[in-house]
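Analysis of the macromolecular model
What follows is the residue order along each chain.
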Amino acid sequence: MEIGLTHYLVISAILFSLGLYGIITRKHAIMVLMGLELVLNAANINFIAFARYGGMNIEGHIAAIFVIILAAAEAAIALAIVLNIYQNFRHVNIDEVDDLKG
Amino acid sequence: MLGGAVAWIAGSFNQHYARNISLVTVLIGFVIALVYTATNYVHITTSTTQWLVDYKSNWIPAYGISFHLAMDGLSLILILLTLFLGVLSVLISWKEIKERTGFYYFNLLWILAGVIGVFTAVDLFLFYFFWEIMLIPMYFLIGIWGHERKIYAAYKFFIYTQASGLLMFLAILGLYYIHGKTTGTYSFDYFDLLGTKFEPAMGFLLMSGFLLAFAVKLPVVPLHNWLPDAHTQAPTAGSLILAGLLLKTGAYGIIRFAIPFFPQAAHVFAPYGMIIGTIGILYGAKLAFSQTDLKRLVAYTSVSHMGFVMLGVWAFNDLAYQGVVMQMVTHGISTGALFILVGFMYERTHTRDINSFGGLWAQVPKLGSMMLIFALASLGLPGLGNFIAEFLVLSGSFKANMVITSIASIGLVLGTIYSLRIFQRVFQGPKLKEWSMPDLSWREVIVIGSLVLVIFWLGFYPQPVINAVKPVITNVLGYL
Amino acid sequence: MTMNKIITTQELLQLMPFLLMLAGPVILLVIIAIKRNHLFSWFFTLMTFAGVLVTVIANFQQLPLNIAMLTVDKFSLLYTGIFAIVGIVITLLSHNYLEKTSDHKEEFYLLLVFATLGSSLMVASNDFVSLFLSLEVLSVSLYSMIAYLRNQDRAIEAGLKYLVLAAMSSAVLLFGIALVYFETGALSYAAIGAKLGKTGFTPYLVAGFAMIIAGAGFKMSVVPFHWWTSDVYQGANSPVTSFIATVSKGGMVGAMIRMFTIIPGLENNAVVLVLTIIAAASMFLGNILALQQTNLKRLLAYSSIAHLGYILIAFISFGNGGTQAATFYLLAYFATTLGAFGIIAFLSTSEGEAENISFYKGLYWRKPALAAFMTLVMFSLAGIPLTSGFVGKFFVATSGVKADLWVLLFFLAINSVIGVYYYLRVVVMMFSNKDNQVETIVCRKGVSAGMIALVFVAVMILYLGVYPSGIMELIQKSAIN
């Protein structure tokens, strides 16, 4: 079977949904961050697949590279914040970090 | 108009000065306006053009907004009234307001400036601007220096007027837009916008926007709810300004804007307007009768009196219009005076409950006689200004609609009942309680005495007022 | 794209505002590494922003420059200039605040400048890649700014919440961009616009734009993407909150204006419908939720949702002077919001923020000048004449009238009344009597930097409210194309 655009799109859609699901349901902060990574990478797959099969140009690749860099930056900050949460709360269960309400 | 400018500029600098400065400022404004009227009297009454003074400068030209003030006979009369009551309101606050005087007088002068602005603005944006400007200080006046339920009253006042004001603003924008689309020039100027053509439905919709704002201010009966609270809770000067001036802006708005802009819609609405006015007369009188709080009672008489204005405005003839203007002026004087008198009594006794008074005549004859005069004025005794006004309104509207007018005249009878009731309950009958009440002081005599003079003058010789507004009335009726 | 091209001196000069914002924090970073000094960092940041402002003014009359996915034209320079001014005000406010609350103060400023850079670049972006990049520069700086006071539970929590939601919204935005890319084969606005002119809207494109709007809506905090707003507003410290409320939202509005000017996205009824619903929902929900708040920061958070709804009205009436109205409203809103959070920052102590409305009870009798200023701010938020908020609303309403958006305008009127109610509550609180008042406000005597900022903001509010023509002409001159 020839692997075509549709396959990539399906994969990316699955990844996107899984990521979203993870962000919403997981309690562990690190798991939530992993969900985020999945969502970002789903978009990345889209970009590259479109660039390849859409018979298009290099712009998709550029976008993907930038996204990878930014995802790394975001993860760095995110982990720093999670570390701080651990220091302050002694756990990283985000359901229990809920001082702010109203 | 000069007075307006003086009062405005002075008002903004006045923050930290005491009552003397505000008195002087308003007095200067009043004298200037008076001198202007005296020297130009012939010109005012005989000139064929409606506008006496016209001042225009650009403000936001990109949107067709200019700082455009103009004054005709109607504005002039109302400005005189404003400044006159302004002087009095400073005088009566002399002793009543003991704390935060600087801010108090600041607010007072801003209201006066706003009201004068409303009476002179002929750019709709500017008009709305002043319309809102006068609300804020009034809100503070009620909210800070008011009586026991001041916050509630201030809120109610503000929300009512603000909501209706915004609808008017939408209507102004609609007018602006339709005019701009048909003629190609976008402008907020009164003179540009006059004579804009609409589809009937649109015209009616826009007019309702304007009318709603004016009707809340006037107040017309289903929308009068804020008034008793605001009047009752406001300090005396606040009640005076509310009754004497702010209510007039509603009437002024209808005459100046609502009718000339939308003549067709106005014709459609006229009979309903008259009916609403009549309901206001009767309903206000009935409620006034059943009040035990003196201030509330006077407030409801305002509702009733303003019913006459509403009735006359929609009659569309000179007689009724002359009556309306007279009613605006005399109501300002007589109801203002009643509020002042009630304020004096409150100052002395710290109660406004009608049931706790009685038989005070022997103790305070001056206060009592003043009260009698204005109670009589309020019921429309010949020889006092209100009689002329109500008579003119009724005879004018009689031509327009006999049935409604006949019903409305019952209001006169009711007026007699409630007015006399005030006097009878407070000053006659058995003494229910001992009050240690000094009679009026020299300052209070000056205040009330000047009001008495004016009300008599208007009762015996109302011609100057009528002459001054005649050209305006002719003009307004010309749009119909 | 401009490849294989050496940048000329002229172009370099035109890029100066952005380069300064890049260089400034980098230099500061090095200096901090050598020696920490709060006052110096503070002053250095002020100078950076001042330099940006000067270069913006110097370049303002230049012809537009398209370079590396950025457009440096009057529009982006105007926004950059505004952001720089806001940056100065926030810097002025921060000094006192950080002195009181934080033990490590210097890095805050470089994050501030970086975030401002992100916002400015967003407005200058003419390509989805640069849009996304600058958005992330802004977001990543914001994460750390929100969680800056790292020993405060609330700040950390707000930071995490913002991070998770912001990252998710960026991902959604990215997905939308990918869909648009798939349909048009291009990422620059101009190419997409040209393509759209030929092919029209396909379902994919509509879906793509919907996702882009969702991502942007998150940054602008409009309903239904507003969940983070109140928590983050409350949790972050006041200077940061004022930054989120102004520069961050403004950058997104500016970016959207540019995007939809080049890509005629608003010619599609579905897109307009979505925006209309968002605007209406934002106004109502924001105002109604704000009614119930007793915390001033949360109140301002919900009110900001409503204000963005008002801006959307102007945005929907795009061609009818709507973009200018939106920009003006944004400016007016900036001044007002800075004022509100400025007061909070000014009155906050190391023990906590001055965020409870009851804190302001009787303020007028203790600090009349501050109370008068707060009253001015509240009136401006409520849109009462003489203040910038009124004129802003007027411009928005005018553009709405021209675009025949009567339903939305009617909503605007209703919501203004609701708004008046809760803004007045704050005012009433300040003017009510001071009985049973235990707290006393500790406030430094004399002129402080924060004071200067507040005076400046007050002057701006009044200036925009009384004489808006000058600024409006500037905005009109800076329109794209």
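**Quick word on the environment of Val129 of chain C**
Residue position: Val129 of chain C is located in helix 6 (residues 128–146). Ignoring sequence-local partners within four residues, the contact set of Val129 of chain C consists of Ile62, Ala63 and Phe66 of chain A together with Met69 and Leu187 of chain C.

**Looking at the interface of chain B and chain C**
Of the residues lining the interface, 22 residues belong to chain B; the matching set on chain C comes to 21 residues. Breaking the side of chain B that touches chain C down by element, the ones donating at least two residues are helix 6 (124–133), helix 7 (135–145) and helix 8 (150–183) of chain B. No other element matches the twelve residues that helix 8 of chain B contributes to the side of chain B that touches chain C.

**Some words on the interface of chain C and chain A**
If you look at the interface, chain C gives 35 residues, while chain A gives 34 residues. Put simply, the parts of the chain that give the side of chain C that touches chain A at least two residues each are helix 6, helix 7 (153–184) and helix 10 (228–235) of chain C. Among the elements that take part in the side of chain C that touches chain A, helix 7 of chain C stands out by supplying 17 residues, more than any other. Among the residues making up the side of chain C that touches chain A, the classes are represented as 20 nonpolar, eight polar and seven charged.

**Some points on the nonpolar core**
Residues Ala258 and Leu341 of chain B together with Ile146 and Tyr329 of chain C are the most contacted members of the largest nonpolar core, which totals 416 residues. Broken down by element, the residue count for this core peaks at 21 residues, all from helix 7 of chain C. No fewer than three residues from each of domain 1 (1–261) and domain 2 (269–480) of chain B sit in this core. Apart from residues lying up to four places away in sequence, Ala258 of chain B is in contact with Met207, Phe210, Leu211, Phe214, Gly253 and Ala266 of chain B.

**A closer look at the domain arrangement of chain B**
All names here are of chain B. Per the domain assignment, the segments making up chain B are domain 1 (1–261) and domain 2 (269–480). With 38 residues of domain 1 at the interface, the matching set in domain 2 holds 37 residues. Looking at the side of domain 1 that touches domain 2, the elements that each hand over two or more residues are helix 3 (41–46), helix 4 (73–96), helix 11 (226–233) and helix 12 (236–261). Sort the elements by how many residues they give to the side of domain 1 that touches domain 2 and helix 12 lands first, with 13 residues. Taken together, the residues of the side of domain 1 that touches domain 2 sort by class into 25 nonpolar, ten polar and three charged.

**Quick word on helix 14 (residues 294–313) of chain B**
Helix length check: helix 14 of chain B, at 20 residues, gives a terminal C-alpha distance of 29 Å against a target of 28 Å (1.5 Å per residue), a fit within 8%. Counting buried positions over the 20 residues of helix 14 of chain B gives 20, a clear majority of the element.

**Let's talk about the arrangement of the chains**
Where the two pairs of chains in contact are concerned, the greatest contact count is recorded for chains A and C. In this view chain A stays clear of chain B, with the nearest C-alpha atoms of the two still 25 Å from each other.

Cut-offs used in this document
- Residues numbered from 1 in each chain as written.
- Chains lettered and ligands numbered in written order.
- Predicted model: local features only at pLDDT ≥ 70, side-chain atom pairs only at ≥ 80, totals over all residues.
- Helix = DSSP H or I, 4+ residues; strand = E, 2+ residues; numbered from the N terminus.
- Contact = placed C-beta atoms within 7 Å.
- Nonpolar A, V, L, I, M, F, W, Y, C, P; charged D, E, K, R; others polar.
- Core = buried A, V, L, I, M, F, W, Y, C linked by C-beta atoms within 7 Å.
- Buried ≥ 20, exposed ≤ 12 C-beta atoms within 10 Å, placed from the backbone.
- Domains from an automatic or database assignment.
- Expected span 1.5 Å × (residues − 1).

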